[in-house]
Each structure stands twice: as C-alpha cells, then as structure tokens.
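Descriptive structure summary
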Amino acid sequence: MHIHTLENWQHNHDFSVRNDKGERRTKYVLILTAITMIVEIIAGSIFGSMALLADGWHMGTHVAAFMITIFAYRYARKHADNPAYAFGTGKVSVLGGFASAIALAVVALVMLIESMQRIVDPHTIHFNEAIAVASLGLFINIVSAFLLKDDHHHHHEHSHEHHHHDHNLRAAYMHVLADALTSLLAIIALVSGKYFGWNWLDPVMGIVGAIIITRWSYGLLKQTSPILLDGSIEEEYQSAITKTIEEDSDNRVSDIHIWKVGANHYAAIISLVTRYPKSTEYYKGLLNDFHKLSHTTIEVNVCEGDLCVIPDATST
C-alpha cells in the first residue's frame with residue numbers, strides 16, 4: 001500500500017477569474033444604475049419621451065445584468081474547490097457574460113418594438129423635463145464607465161501576456177457603454193425635437209440604439225458561446241502541439257482534444273503511440289512553451305510487435 005502523498009501528482013482545478021476590485025466597483029455601478037433607472041422610467045412616463053423610457057428600461061436590464069455579474073463572482077469563488085465541478089468553476093464568469101448578452105438582446109428588441117409603435121402613434125413630449133432627466137442619466141453612465149474602465153483595461157492589457165479575459169467584467173462594462181449610448185441618443189432626439197420640431201427623431205433614435213445594442217450583444221455572444229460549448233483551440237496552436245510531440249522520437253498523436261475550462265485556461269487530453277515510451281512528465285515537459293495549457297492529461301500507448309507500423313512523423 002502506498003504511504004506517499006499524492007499532492008505532487010494532483011491537478012489544481014481552480015480556473016475561476018478572481019477580480020475583487022471589479023466586483024466591488026460593479027456593486028457601486030449597480031446602485032447608481034438602479035436609482036437612475038427608477039427616475040428615468042417615472043420621468044419618461046410622465047413627460048412622454050420614448051427615448052427616455054427606452055433608456056430607463058435599458059437600465060433595468062443592466063441592473064439585472066450587474067446582479068448576474070456579482071453573483072457569478074461570488075459563486076465561482078465559493079465553489080472553486082467543489083468536487084461536483086469536474087474542472088472547477090472557471091466557466092461561471094463566462095456564463096455570466098453570456099446571460100448579460102441575452103439581456104442586451106432582449107432590451108434591444110423591446111426598444112425596437114416600442115419605438116416603432118411611437119412612430120405610428122406619436123405622443124406629446126415635455127422636452128425640458130425629459131432633457132434634464134436624460135442628462136442626469138448620461139452623467140451617471142459616465143461615472144459608472146469610469147468606475148469600471150480602469151479595472152477593465154487593466155485586465156485587458158494583462159491578457160496580452162497571460163491570456164486573461166474576464167468576460168463577466170467585460171459584459172458589465174459593455175452594459176454601461178450601452179447605457180451611455182442610449183442616454184446620448186435620447187438627448188440628441190429631445191434637443192432636436194425642442195428646437196427644430198423633429199419629434200419623429202425621438203423614436204428613430206430608439207431604433208438606432210436598438211440596432212447598435214444588438215450588435216454589441218452579438219459580439220459578446222460570439223465570444224462566450226464557443227467557451228460554453230467546449231470549442232477547440234485555434235487549429236494552428238493545436239497543430240503546433242502535435243508537431244512538437246511527433247518531432248520527438250517516433251511519437252505519433254492518435255487523439256487530441258483541447259478546450260477552455262475557464263475564461264483564461266485551456267485543458268488538453270492527448271493520446272500518443274510510440275515504440276519507446278517515456279514517463280508522462282517527459283511528454284508534458286515537451287509542451288512547457290505552450291502557456292495556454294493549464295491542465296494537461298497524457299495517455300501513452302506502447303506499440304509492440306510486427307503489426308505495429310508507425311509512419312515517420314515527417315513523411316507525407
């Protein structure tokens with residue numbers, strides 16, 4: 001019976017994104033956004049501005065999105081070592097980003113429908129009051145953007161060297177930018193309506209905002225979906241890994257799977273065939289320069305006898 005500790009051979013499965021600063025600042029933005037949302041929805045209803053109402057509804061979805069962001073951070077941290085999750089909770093932040101993207105798409109659809117209804121059935125707009133509230137909304141958006149900007153860009157710049165991406169924080173940042181956009185469009189529409197009589201611009205700006213937000217939502221969905229579906233790594237990167245293994249001795253890679261287990265980490269299962277087997281640590285050592293791999297499992301199959309024919313790895 002073994003009496004040795006297994007720690008040297010056990011894998012770490014904590015692939016979650018730790019961002020205490022981003023979580024704390026998201027809380028501040030949540031509070032600011034919730035207050036502004038209530039003010040804009042009430043004011044938009046009283047003063048008859050579709051652009052202002054759209055901005056308020058949009059902020060409502062962002063309140064939900066920020067709550068998702070905070071929940072994702074806390075859940076991932078709490079369950080980081082939970083054995084119920086095969087590869088840890090690294091994808092929780094990605095799931096939070098995906099859910100936020102869905103929220104963006106929903107509000108864009110609501111904005112589009114309501115704006116088209118206002119084109120068919122225009123309402124009276126109280127411009128002075130609506131402009132004042134929309135300006136307040138834009139101010140809150142700018143403050144929120146600056147709260148999240150520094151931390152977002154810190155992680156973005158860090159990603160170029162260590163492949164770190166916090167999709168959860170990125171989603172929150174995009175929601176703030178979307179808020180700022182709809183507030184700005186509302187102000188443009190209201191000012192144009194007041195001074196030039198272009199009341200039709202109010203619902204048109206709602207449509208423009210919906211289109212832009214839909215595009216942002218699609219971009220975030222495109223980033224997060226492949227990770228949640230265990231999309232493989234770039235073909236060139238995987239080919240380079242295969243080449244590195246096969247250039248050593250007579251090794252041939254018979255099966256290889258590489259996928260993301262978190263926003264910043266890849267796992268790999270590699271099966272190889274060889275006449276001259278070595279330890280799994282030896283083969284892992286061949287992959288030391290592939291820094292994207294955080295969790296690697298090597299299966300070594302010994303090829304013996306006359307029936308074993310392994311072509312030269314360099315042959316065509």
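Our subject in this report is the structure included herewith. (Residues numbered from 1 in each chain as written. Predicted model: local features only at pLDDT ≥ 70, side-chain atom pairs only at ≥ 80, totals over all residues. Heavy atoms only, no water.)

A few points about the nonpolar core
Core analysis: the biggest nonpolar cluster contains 16 residues, and Ile 241, Ile 245, Ile 258, Ile 270, Leu 287 and Leu 293 have the highest contact counts within it. With 4 residues, the single largest contributor to this core is strand S2 (residues 266-274). In contact with Ile 270, not counting residues within four places along its chain, are Ile 241, Ile 245, Val 253, Asp 255, Ile 256, Leu 287, Thr 297, Ile 298 and Glu 299. (Core = buried A, V, L, I, M, F, W, Y, C linked by side-chain atoms within 4.5 Å. Buried < 20%, exposed > 50% of the residue type's maximum accessible area, 1.4 Å probe, protein only. Helix = DSSP H or I, 4+ residues; strand = E, 2+ residues; numbered from the N terminus. Contact = heavy atoms within 4.5 Å.)

Notes on helix H7 (residues 235-246)
Every α-helix winds through 3.6 residues per turn, so residues three or four apart in the chain are directed the same way. For H7, which comprises 12 residues, the first-to-last C-alpha distance of 16 Å matches the rise-based estimate of 16 Å (1.5 Å per residue) to within 8%. Inspection of H7 places Tyr 237, Ile 241, Thr 242, Ile 245 and Glu 246 among the buried residues, and these make up the whole buried set. Elements that come into contact with the buried residues of H7 comprise strand S1 (252-260), S2, helix H8 (280-286) and strand S3 (293-302). (Expected span 1.5 Å × (residues − 1).)

Some words on unusual backbone geometry
Phi is positive for Ser 249, close to 55 degrees, though the residue is something other than glycine. Along the chain, the position of Ser 249 falls in the loop between H7 and S1. With relative accessibility at 43%, the residue Ser 249 sits in the partly exposed group.

A short note on the environment of Val 273
When you line up the elements, Val 273 lands in strand S2. A residue is classified by how much of its surface remains accessible, and Val 273, at 21% relative accessible area, is partly exposed. Taking C-alpha positions, Val 273 is 4.7 Å from Asn 301, a pair spaced 28 residues apart along the chain.

Side note on a nonpolar patch on the surface
Taken together, the side chains of Ile 31, Ile 35, Val 39, Leu 136, Phe 139 and Val 143 present a nonpolar region at the surface, about 520 Å² in accessible area. Looking at the nonpolar patch, the elements that each hand over two or more residues are helix H1 (20-47) and helix H4 (127-162). Considering the arrangement of structural elements, one finds Ile 35 in helix H1. Taking relative accessible area as the criterion, Ile 35 reaches 52% and is therefore assigned exposed. (Patch = residues over 30% accessible without salt bridge, like charges linked within 9 Å, V, L, I, M, F, W, Y side chains within 5 Å. Areas by Shrake-Rupley, 256 points an atom, 1.4 Å probe, with all protein chains shown as cover. Salt bridge = Lys/Arg side-chain N within 4 Å of Asp/Glu carboxyl O.)

Considering the pattern of salt bridges
Taken as a whole and judged by the stated rule, the model has 5 salt bridges. Put simply, Glu 234 and Lys 292 hold a salt bridge, and the shortest N to O gap is 3.5 Å. Here Glu 234 is found in the loop between helix H6 (201-228) and H7, whereas its partner Lys 292 is found in the loop between H8 and S3, with 58 residues between them in sequence. Residue class for Glu 234 comes out partly exposed when judged on its relative accessible area of 39%. With its nearest N and O atoms 3.6 Å apart, the salt bridge here joins Arg 275 to Asp 250. Of the two residues, Arg 275 sits in the loop between S2 and H8 while Asp 250 sits in the loop between H7 and S1, which places them 25 residues apart along the sequence. Judged by relative accessible area, Arg 275 falls into the partly exposed class, the value being 36%.

Function-wise, these values are silent; they only describe arrangement.
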